[in-house]
Amino acid sequence: EAGGAALGRAADKLFSLSGLFAVRKPKGPTSAAVLNLLKERLLAEAGVQTNRNKGNQVLKIGHGGTLDSAATGVLVVGIGKGTKMLGTMLAGSKKYTAIGMLGKATDTLDATGKITEEKPYDQVTKRDLENVLQKFTGDIMQVPPLYSALKKDGERLSTLMKRGEAVEAKPARPVRVYSLSLQQFQPPLFTLDVECGGGFYVRSLVSDIGKELCTCATVQELTRTKQGPFTLEEHALHEDKWTIDEIARSLEHCTALLPGEPARKKLKTEHPGGTAVICE
């Protein structure tokens, strides 16, 4: 009986969890797959049967912005009432570190795709690259990648592409780049740090930089280092910490990072002179 009581307490604790926390997404799985794994782990730990839906409590869980399968880093997760706060995360600022490769283009704009073009890149200097970055800072227009989670008639563009259907590029849309800097240049590889607003694609940025330099470029590695107030180093739980207690502890710690209840109706500005992020 003692075991059952302990499981009951674990289940009660699990279903009482509420708020936002962050996990470290590994390379490979989709963001949705990471969320499913997290959910399975928690339900198993609480001893909750997931297959028999006999009036079972539903564990409400969601994430605040997809990371590509090949990307790693901060994935913000909402649990319980926290799922209602995820919209603010999508709109807020994010930071990425990206390693790009000059001289090759792929259909997915990253290393997972098929090579579609190869061009010489030896003419590109570090100064050329730094100068080009200025064109991609501030409020810019960007065409999202064809392989993306954006939808056409309710289906993801990436799903349609994989089926071999003809997909038209989405029109360019306004995006905001708060900062963009070159960290390393070892041709053909270059490393960028980017801080951007919602709806921004680092893969498109790297591809556009390649074109601007009269060659081509594709993302080799992509890491989200920060989303809203959550950083990879301080807040993102590694897979071995995906437990009810660790998440409870993390939620307590993370609640302090978020705007408080009274400020919810007001506009919360992330950046001086930046865009206002409305907390819902």
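Note that the structure is a prediction, hence the values are computed from the model and not measured.

Chemist: Mind laying out empty space enclosed by the protein, listing which residues take part and the relevant values?
Modeler: A complete count under the given rule lists one cavity of 30 Å³ or more for this structure. Every residue lining the largest cavity is listed: Asp-68, Ala-70, Ala-71, Asp-110, Ala-111, Arg-203, Val-219, Gln-220, Glu-221 and Leu-222. Take the lining of the largest cavity: its biggest share by element is four residues, from strand S12 (residues 217-227). When the residues that make up the lining of the largest cavity are grouped by side-chain class, the tally is five nonpolar, one polar and four charged. When residues are assigned to domains, the lining of the largest cavity turns out to be shared by domain 1 (1-91 + 234-256) and domain 2 (94-227), each giving three or more.

Chemist: So what's going on with helix H6 (residues 202-212)? Residues and values would help.
Modeler: Within H6, eight of the 11 residues are buried, which leaves it mostly tucked inside the rest of the structure. Taken together, the buried positions of H6 are occupied by Val-202, Arg-203, Ser-204, Leu-205, Val-206, Ser-207, Ile-209 and Gly-210. Here the buried face of H6 lies against strand S4 (94-102), helix H4 (126-133), strand S7 (138-142), strand S10 (173-186), strand S11 (189-196) and S12. Two residues or fewer past H6, Cys-214 is found with a positive phi of approximately 60°.

Chemist: Outline the layout of surface pockets, listing residues and values.
Modeler: Over the atoms, a rolling probe the size of a water molecule traces out where space has been left empty. The calculated volume of the largest pocket comes to roughly 780 Å³. When residues of the lining of the largest pocket are traced back to their parent elements, those giving at least two are helix H2 (31-45), S4, helix H5 (157-162), H6 and S12. Looking at the lining of the largest pocket residue by residue, the classes come out as 12 nonpolar, 14 polar and eight charged. A domain split of the lining of the largest pocket shows at least three residues from each of domain 1 (1-91 + 234-256) and domain 2 (94-227).

Chemist: How would you sum up the pairing of S10? Please name residues and give values.
Modeler: Across five bridges, S7 lies against S10 in antiparallel orientation. When the bridges of S10 are listed, Ile-140 appears paired with Val-175. Pairing of S10 with S11, which is carried by eight bridges, proceeds in the antiparallel orientation. Looking at S11, one finds that Leu-180 is bridged to Val-194.

Chemist: Give me the pairing of S11: which residues, what numbers.
Modeler: By the criterion of burial, S11 is predominantly enclosed, with six of the eight residues buried. With eight bridges connecting them, S4 and S11 associate as antiparallel partners. Among the inter-strand pairings, Lys-95 is bridged to a residue of S11, identified as Glu-195. The hairpin turn running from S10 into S11, its antiparallel successor, is two residues long.

Chemist: Which residues make up H4, and what are the values?
Modeler: For an α-helix, 3.6 residues make a turn, and residues three or four places apart therefore share a direction. Buried within H4 we find Leu-129, Val-132 and Leu-133. Down the axis of H4, the buried side of the element spans an arc of 105°, and every buried residue falls inside it. The inward-facing, buried residues of H4 abut S10, S11 and H6.

Chemist: Break down the UniProt feature "domain: tRNA pseudouridylate synthase B C-terminal" (unreviewed entry) in the chain for me, citing the residues and quoting the values.
Modeler: Here, UniProt's "domain: tRNA pseudouridylate synthase B C-terminal" (unreviewed entry) annotation points to residues 203-238. End C-alpha atoms of residues 203-238 are separated by 25 Å, and the span's content is 39% helix alongside 42% strand.

Chemist: Go over the pattern of salt bridges, please, and point to the residues and values.
Modeler: Per the counting criterion, the structure on display carries 11 salt bridges. A salt bridge links Arg-41 to Glu-239, with the shortest nitrogen-to-oxygen separation between them at 2.8 Å. Here Glu-239 lies in the loop between strand S14 (236-237) and helix H8 (244-255) and Arg-41 lies in helix H2, a separation of 198 residues in the sequence. Exposure remark for Arg-41: the relative accessible area of 31% places this residue in the partly exposed category. Take Glu-239: its relative accessible area is 33%, and that puts it in the partly exposed class. What you see here is one network of salt bridges that share partners, running through Glu-155, Arg-163 and Glu-165.

Conventions adopted
Residues numbered from 1 in each chain as written. Predicted model: local features only at pLDDT ≥ 70, side-chain atom pairs only at ≥ 80, totals over all residues. Heavy atoms only, no water. 1 Å grid on protein atoms, 1.4 Å probe; cavity = no way out; pocket = protein on both sides within 12 Å on 5 of 7 lines; lining within 4 Å. Points joined across faces, edges and corners; volume = space filled by probe spheres on them. Helix = DSSP H or I, 4+ residues; strand = E, 2+ residues; numbered from the N terminus. Nonpolar A, V, L, I, M, F, W, Y, C, P; charged D, E, K, R; others polar. Domains from an automatic or database assignment. Buried < 20%, exposed > 50% of the residue type's maximum accessible area, 1.4 Å probe, protein only. Contact = heavy atoms within 4.5 Å. Pairing = 2+ DSSP bridges. Arc of directions from axis to C-beta. UniProt positions renumbered as here; feature names shortened; annotations may be inferred. Salt bridge = Lys/Arg side-chain N within 4 Å of Asp/Glu carboxyl O.

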